[in-house]
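Observations on the three-dimensional arrangement
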Amino acid sequence: MPNITVLDQNTINKIAAGEVIERPASVVKELLENAIDAKSTAVTVEIKEGGTSFIRVTDNGCGIPKEEVPLAFLRHSTSKIKSVEDLFTISSLGFRGEALASIAAVSQVELITKTSIGLTGTRFQIEGGEERSLEEIGAPEGTTFIARNLFYNTPARKKFLKTPSTEGAHVAELVEKLALSHPEVSIRFIQNNQNKLHTSGNHNLKDIVYTVFGREIASNLLEVTVNKPQVSIHGYIGKPVIARGNRNYENYFINGRYIKSSIISRAIEEAYRPFMMQHKYPFTMLHFTIESEMLDVNVHPTKMELRFRDGEMVYHMVYQAVSSALAHKELIPEVELEK
Ligand code: ADP
Ligand code: MG
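Quick caveat: nothing in here was measured; it's all calculated off a predicted structure.

Some words on the nonpolar core
Generally speaking, nonpolar side chains in soluble globular proteins are found buried as a group. In this structure, Val28, Leu32, Val57, Ile103, Val175 and Val322 are the most contacted members of the largest nonpolar core, which totals 75 residues. Structurally, this core is a two-domain feature, drawing no fewer than three residues from each of domain 1 (9-198) and domain 2 (215-331). The contacts of Val57, once residues within four sequence positions are left out, are Val28, Leu31, Leu32, Ala35, Val43, Val45 and Phe145.

Next comes the structure, spelled out in structure tokens:
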């Protein structure tokens, strides 16, 4: 005979955490996105042992009022949407209200936060989904979030973590992507007490490309700028000489979100086709600003895929933009005219 029961909240959170929190890099992604959504201008990410034992994200954003701190850790609690209609005009990176509940379910969390109007700050501790303490504390404006010992209470999942250096490399890659997607935020990354990345937050995408990818790439870029009523594109594409053997260097961001899109990839690669050898892929770093009505971001929990209302229009725009940047005259092979 079946003996059906409804799972308790803590168990539900642990199971749900499996969907969003896979490894230290997923924790860092959620925390860094929260910091950016909180309108921070400077964020520091610090990890130890690849983030498996220690992750700290410190921001100077809006903070969370004391009475709302425990709420932030409930599943489906968010300040970013109020109703399903808001999903169509979403401009924040988060909106599902799942991250903090998920992270707290599978690690030991300490949060220190203060709003601009709060007289004091708040310190909150929660471990494996169980609240430990909530107290007033002196703190600067903004939020510090520490997650210790990821998966300490789910040994089966902990086993799937790779070595600290592999996990650390995933975190580093993630931080770089977020730094590239938000040139307006100064992002610092510290790994095992060493400074690994520091962007200025001065809006200059090319500077960040230089910091992350080095001089050869930064000195072989072509600028792309397109302004249309519903879509604008700004950024850089690489000259064909810096083509690579895989798609890892094809980056594009929509409304500050790093995404994958087969429509955009096809348009880019089609535009490059006359200039490229087979099995070579271009370097691209393109920022799209697209009216949110034209998008559906609520496709996948990790939000990497995204749907366009009018994919064909996007395809043609990207193809045109990339083609005309590539029509730059120094790229056209010189033709021998004399007989
Ligand atoms: P979501 O980002 O989808 O709203 P989260 O679980 O990541 O869900 O966060 C829950 C809520 O906690 C957010 O909606 C926000 O109000 C608050 N919050 C989380 N991190 C921060 C932060 N760094 N600064 C200010 N508020 C935050
Ligand atoms: Mg979030």
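Here's the deal with the sheet that holds strand S8 (residues 194-198)
Strand order in the open sheet formed by 8 strands is S5-S4-S3-S6-S2-S1-S7-S8, and the pairing between neighbours is mixed. The strands lining the two open edges of the sheet, one partner per strand, are strand S5 (130-137) and S8. Each neighbouring strand pair of the sheet contributes to a mean axis angle of 10°, computed without reference to strand direction. One ladder, built from 6 bridges, connects strand S2 (residues 54-59) with strand S6 (residues 142-148); its direction is antiparallel. The residue of S6 that forms the bridge with Asp59 is Thr143. Running over the sheet, helix H2 (residues 24-37) touches strand S1 (42-48), S2 and S6 and is turned about 10° from S2.

What about the environment of Tyr152?
Secondary-structure assignment places Tyr152 in the loop between S6 and helix H5 (155-158). Of the residues examined, Tyr152 has 15 C-beta atoms within 10 Å and is grouped as partly exposed. Apart from the residues lying within four places of it in its own chain, the contact partners of Tyr152 are Ser107 and Gln108.

What to know about unusual backbone geometry
The phi torsion at Asn255 lies on the positive side, around 45°, for a residue other than glycine. As for its position among the elements, Asn255 is in the loop between strand S11 (250-254) and strand S12 (257-258). With 19 C-beta atoms counted inside 10 Å, the residue Asn255 sits in the partly exposed group. Of note in the backbone geometry, His279 takes a positive phi value of approximately 60° without being a glycine. Structurally, His279 can be placed in the loop between helix H9 (262-272) and strand S13 (284-290).

What counts, and where the lines are drawn
Residues numbered from 1 in each chain as written. Chains lettered and ligands numbered in written order. Predicted model: local features only at pLDDT ≥ 70, side-chain atom pairs only at ≥ 80, totals over all residues. Core = buried A, V, L, I, M, F, W, Y, C linked by C-beta atoms within 7 Å. Buried ≥ 20, exposed ≤ 12 C-beta atoms within 10 Å, placed from the backbone. Domains from an automatic or database assignment. Contact = placed C-beta atoms within 7 Å. Pairing = 2+ DSSP bridges. Helix = DSSP H or I, 4+ residues; strand = E, 2+ residues; numbered from the N terminus. Axes fitted to C-alpha atoms, helices over the stretch in contact; angles between N-to-C directions.

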